[in-house]
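Structural overview for review
Each chain, letter by letter, is given below.
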2 protein chains.
Amino acid sequence: MDGIDHFWAVVPAGGAGTRLWPLSRQGEPKFLLDLTGVGRSLLQATVDRLQPLVDDRILVVTGQGHRDAVRAQLPTLPASAVLAEPAPRDSMAAIGWAAATIEAIDPDAVMGSFAADHVIGDIEEFGACVRRAAAAARDDWLVTIGIEPTGPATGFGYIEQGPDLADHPGVHTVARFVEKPSAQVAADYVASGRFRWNAGMFVARPRVLLDLLAVHHPEFAAALRRLASAPETLAAVWPTLPRIAIDHAVAEPAADAGRVAVVQAGFEWDDIGDFASLHALLGANGQGMTVLGDRDQVQTVDASGLVVTHPDRLVAVIGLDDVVVVDTGDALLVTTTARAQEVKAVVERLRAEDRAELT
Amino acid sequence: MDGIDHFWAVVPAGGAGTRLWPLSRQGEPKFLLDLTGVGRSLLQATVDRLQPLVDDRILVVTGQGHRDAVRAQLPTLPASAVLAEPAPRDSMAAIGWAAATIEAIDPDAVMGSFAADHVIGDIEEFGACVRRAAAAARDDWLVTIGIEPTGPATGFGYIEQGPDLADHPGVHTVARFVEKPSAQVAADYVASGRFRWNAGMFVARPRVLLDLLAVHHPEFAAALRRLASAPETLAAVWPTLPRIAIDHAVAEPAADAGRVAVVQAGFEWDDIGDFASLHALLGANGQGMTVLGDRDQVQTVDASGLVVTHPDRLVAVIGLDDVVVVDTGDALLVTTTARAQEVKAVVERLRAEDRAELT
């Protein structure tokens, strides 16, 4: 199947993935890692699934410190396909810079933004959803892709659907975006059938996205457009941009204004928020030990959970259920799936103790 | 205080310490390790506590593969103080060889045999017990040192006391030796007040020991004595010696014959049979994490148990109680104090899988 006409993919490749320490590090964040054991990093898998939809129309936005690693992982992309941020300034600056860049190159463009560190199950279904989203975006909607919940997750934000869009079957207006809910609220959302998980995927004409930004942040939108026309001003302009997430800057106010649509997506999706999530993703069945790495390097007696191996070191686990063991060259994590999120506390403590080189 | 006249110490340094894998290895067994974090290996600590009692009359019996390591750890001992076995042939051959060697050198000798991989708390009390044992041994008793039980342990053999020895206050005859008991039997033993732990310490004249051996194993005793007079026959003689423990070859039949005495010992003693035992020994108080190694390399959140660190690797443990984490260069163990003994199963599996280099 051919790419979608004038469709561009934007891949924000940021975020430290602190809750996946010690696997994920500042110097080698989550998106650069092969967390699914398929031989491709999350970034590579993201580009792999987008490329059939965009041909060569793709921009990866990452930190300057990761530019070389990103280019090494994506050797077929031209240098101009990697936008390197001088410093992290949250998602609106990253995606807005890409939007302004695309707007300047291709006035007929529709763009879709897809995080570099998410995992998607059914690639065909993903492609079909993006096509539907792109079609609605051509009609000047800001379109998001809402994931069918598989359970009352409290780790994701939700999207409440409104009425159908007349011209776009399977696409609804968005009544509102809501933040990560409590367990009870999440259960109510899922029971209602009206709510989708917010996977942070946005599809829009760059012009529409920037014009929506300009409604509440006119200076920000203007600065991004000036940056696109004068790239040499990056170092001077970048530090002046507001630190704000695209959700708050554009998506939520646009939803209130009735400008946002959502495509109902049936594919499996995960943002691999922590090792419990990785354990679930890698096909844990509650029995035996899930291994990321070399299964020959793991010996278990009456144990279950997740082991991430380090080359050349054997890991033996005896008599522990739902354990998480993550072995790296200079740091080792031992915890449980239930407590996996708390690894963040260890990372923060190491930074406070001036041992950030381990994080 | 001066050494005990004509008193010789024999230190059998053998045993793989399989239940302390991956810390203890075939190539670097338990007795060569500093398991108490004092900067001395168990072997060195054993020799340290014996030297004041024997001056320079000490023989270490070890495998040929460990001779160089033993000599490196004990640089002040002469080469002749290390007897190197061509192959392991159990404790009677090891201790009997030393006995025959001492008998040939010093006809007035009394010897005491003390394993190289045990830990003893009160060195003064230990020395006093050995003096009492040596005094009884001069009267031709085979003397053992029986440890006051601190609880109904099922991991040790027990010694049942008989009547007092008239001439030796605090020394009793031995009614019998018993193997590791069930929990109920152990509780009965401890409640009776008549039972001591068998720490495998034997004090006797070499002549008495070898003559007691000759009662049931005359060829064995004769072979050991020939070996002492013709050390050049070692390679030929050694493989012909029976594989039998000193307990079965000498101590138990001698007890039946009323020839064995026991000194009541008040010092703390442990054979560090597994990581649970090491955890208890290192002063676990049920709260917080016990560390063998570098405490700065351990980060915990709501966790307790034992961590053995490896230089240059941080260990983070979150939300696990009574956990055991043992980190080495090529193998990592994660288990609980309750399951620590089962590490043996992993070692056996590795050997069965032709990966003995990891054991």
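Read on for an overview of the structure. (Residues numbered from 1 in each chain as written. Chains lettered and ligands numbered in written order. Predicted model: local features only at pLDDT ≥ 70, side-chain atom pairs only at ≥ 80, totals over all residues. Heavy atoms only, no water.)

**Focus on the overall build of chain A**
A count of helical and extended segments in chain A gives 11 helices and 17 strands. Here the C-alpha atoms of chain A give a radius of gyration of 21 Å, agreeing with the 21 Å that 2.2 N^0.38 yields for 359 residues. Taken over the C-alpha atoms alone, chain A extends approximately 60 × 50 × 40 Å along its principal axes. By the burial criterion, 56% of the 359 residues in chain A qualify as buried. Summed over all atoms, the accessible surface of chain A reaches about 14,400 Å², with 50% contributed by carbon and sulfur. Positive and negative side-chain charges of chain A, numbering 29 and 48 respectively, have mean locations separated by a distance of 4 Å. (Helix = DSSP H or I, 4+ residues; strand = E, 2+ residues; numbered from the N terminus. Rg over C-alpha atoms; globule rule 2.2 N^0.38 Å. Buried < 20%, exposed > 50% of the residue type's maximum accessible area, 1.4 Å probe, protein only. Areas by Shrake-Rupley, 256 points an atom, 1.4 Å probe, with all protein chains shown as cover. Lys, Arg positive; Asp, Glu negative; His and termini not counted. Charge placed at Lys NZ, Arg CZ, Asp CG, Glu CD.)

**Re the packing of aromatic side chains**
In this structure the tally under the stated criterion is 18 aromatic pairs over all chains. Through successive ring pairs, a cluster of aromatic residues spans Phe114, Phe126 and Phe267 of chain A. (Phe/Tyr/Trp six-rings, centres within 6.5 Å; stacked < 30°, edge-to-face > 60°.)

**So, the interface of chain A and chain B**
Taken together, the contacts link 37 residues of chain A with 37 residues of chain B. Summing the contributions of chain A and of chain B, the shared interface buries around 3,000 Å²; its carbon and sulfur component is 56%. On inspection of chain A and its partner chain B, the count reaches 2 salt bridges. As a salt-bridge pair, arginine 339 of chain A and aspartate 302 of chain B come within 2.9 Å of each other at their nearest N and O atoms. It is strand 17 (residues 331-336) of chain A that contributes the most residues to the side of chain A that touches chain B, 6 residues altogether. (Contact = heavy atoms within 4.5 Å. Buried area = accessible area lost by both parts, 1.4 Å probe. Salt bridge = Lys/Arg side-chain N within 4 Å of Asp/Glu carboxyl O.)

**A closer look at the sheet that holds strand 16 (residues 323-327) of chain A**
Read across the sheet, 6 strands follow the order 12(A)-14(A)-16(A)-17(A)-15(B)-13(B) without closing on themselves; strand pairing throughout is mixed. Every interior strand has two partners, whereas the edge strands, strand 12 (289-292) of chain A together with strand 13 (298-301) of chain B, have only one. For this sheet, the mean inter-axis angle between neighbouring strands, taken without regard to orientation, is 10 degrees. As paired strands, strand 13 of chain B and strand 15 (residues 314-318) of chain B are joined by 4 bridges and run parallel to one another. Paired with valine 298 of chain B across the bridge in strand 15 of chain B is valine 315 of chain B. Helix-sheet contacts for helix 11 (residues 343-352) of chain A involve strand 17 of chain A together with strand 13 and strand 15 of chain B, and the interaxial angle to strand 13 of chain B is about 135 degrees. (Pairing = 2+ DSSP bridges. Axes fitted to C-alpha atoms, helices over the stretch in contact; angles between N-to-C directions.)

**Some remarks on helix 9 (residues 246-256) of chain A**
Residues and elements named next belong to chain A. Here helix 9 has its buried residues at Ile246, Ala249, Val250, Ala251, Pro253, Ala254 and Ala255. The inward-facing, buried residues of helix 9 abut helix 3 (90-105), strand 6 (142-147), strand 8 (168-178), strand 9 (195-204), helix 6 (206-216) and strand 10 (260-265). At the exit of helix 9 stands glycine 258, carrying a positive phi of roughly 75 degrees.

**A short note on the environment of alanine 235 of chain A**
Mapped onto the secondary structure, alanine 235 of chain A falls in helix 8 (residues 234-237). Note: C-alpha distance between alanine 235 of chain A and phenylalanine 126 of chain A (109 residues apart in sequence) is 36 Å.

**Overview of the sheet that holds strand 13 (residues 298-301) of chain A**
Sheet strands pair by backbone hydrogen bonding; their relative direction is either parallel or antiparallel. Across the sheet, which stays open at both edges, the 6 strands sit in the order 13(A)-15(A)-17(B)-16(B)-14(B)-12(B) with mixed pairing between neighbours. With one partner strand each, in any of the chains shown, strand 13 of chain A together with strand 12 (289-292) of chain B form the two edges of the open sheet. Put simply, the sheet's adjacent strands are angled 10 degrees from each other on average, direction ignored. With respect to the sheet, helix 11 (residues 343-352) of chain B is in contact with strand 13 and strand 15 (314-318) of chain A together with strand 17 (331-336) of chain B, its orientation differing from that of strand 13 of chain A by roughly 135 degrees.

**Quick look at the side chain of glutamate 160 of chain A**
Residue and element names in this part refer to chain A. By the element assignment, glutamate 160 lies in strand 7 (residues 158-165). Looking at glutamate 160, the relative accessible area reads 11%, which means it is buried. At a separation of 2.6 Å, a polar atom in the side chain of glutamate 160 contacts the side chain of arginine 176. In contact with glutamate 160, other than residues within four places in its own chain, are Thr173, Val174, Ala175, Arg176, Arg194 and Phe195. (Polar contact = N/O pair within 3.5 Å; in protein donor to acceptor, adjacent residues only side chain to side chain.)

**Looking at the nonpolar core**
Core analysis: the largest hydrophobic core is formed by 51 residues, its most contacted members being Phe7, Leu43, Ile145 and Phe267 of chain A. When residues of this core are assigned to their parent elements, the largest contribution, 7 residues, is made by helix 4 (residues 123-138) of chain A. Those residues within four positions of phenylalanine 267 of chain A in sequence are excluded, and the remaining contacts are Ile120, Asp122, Glu125, Phe126, Cys129, Ile145, Ile147 and Met201 of chain A. With 50 residues, the next largest nonpolar core counts Val11, Val54, Ile58 and Phe114 of chain B among its residues. (Core = buried A, V, L, I, M, F, W, Y, C linked by side-chain atoms within 4.5 Å.)

**Description of the relation of the copies chain A and chain B**
The operation linking the two copies of the chain is a rotation about an axis combined with a translation along the axis. Under the fitted operation, chain A is carried onto chain B by 0.0 Å of movement along the axis and a turn of 180 degrees, and the coordinates agree to an RMSD of 0.0 Å. Such values leave the two copies arranged in the relation of a two-fold axis. Closest approach to the rotation axis among the C-alpha atoms of chain A is made by valine 334 of chain A, whose C-alpha sits 4.0 Å away. Same-surface contact between copies: 100% of interface residues of chain A are shared with the interface of chain B. (Least-squares fit on C-alpha atoms with pLDDT ≥ 70 in both.)

By themselves these figures say nothing about function.
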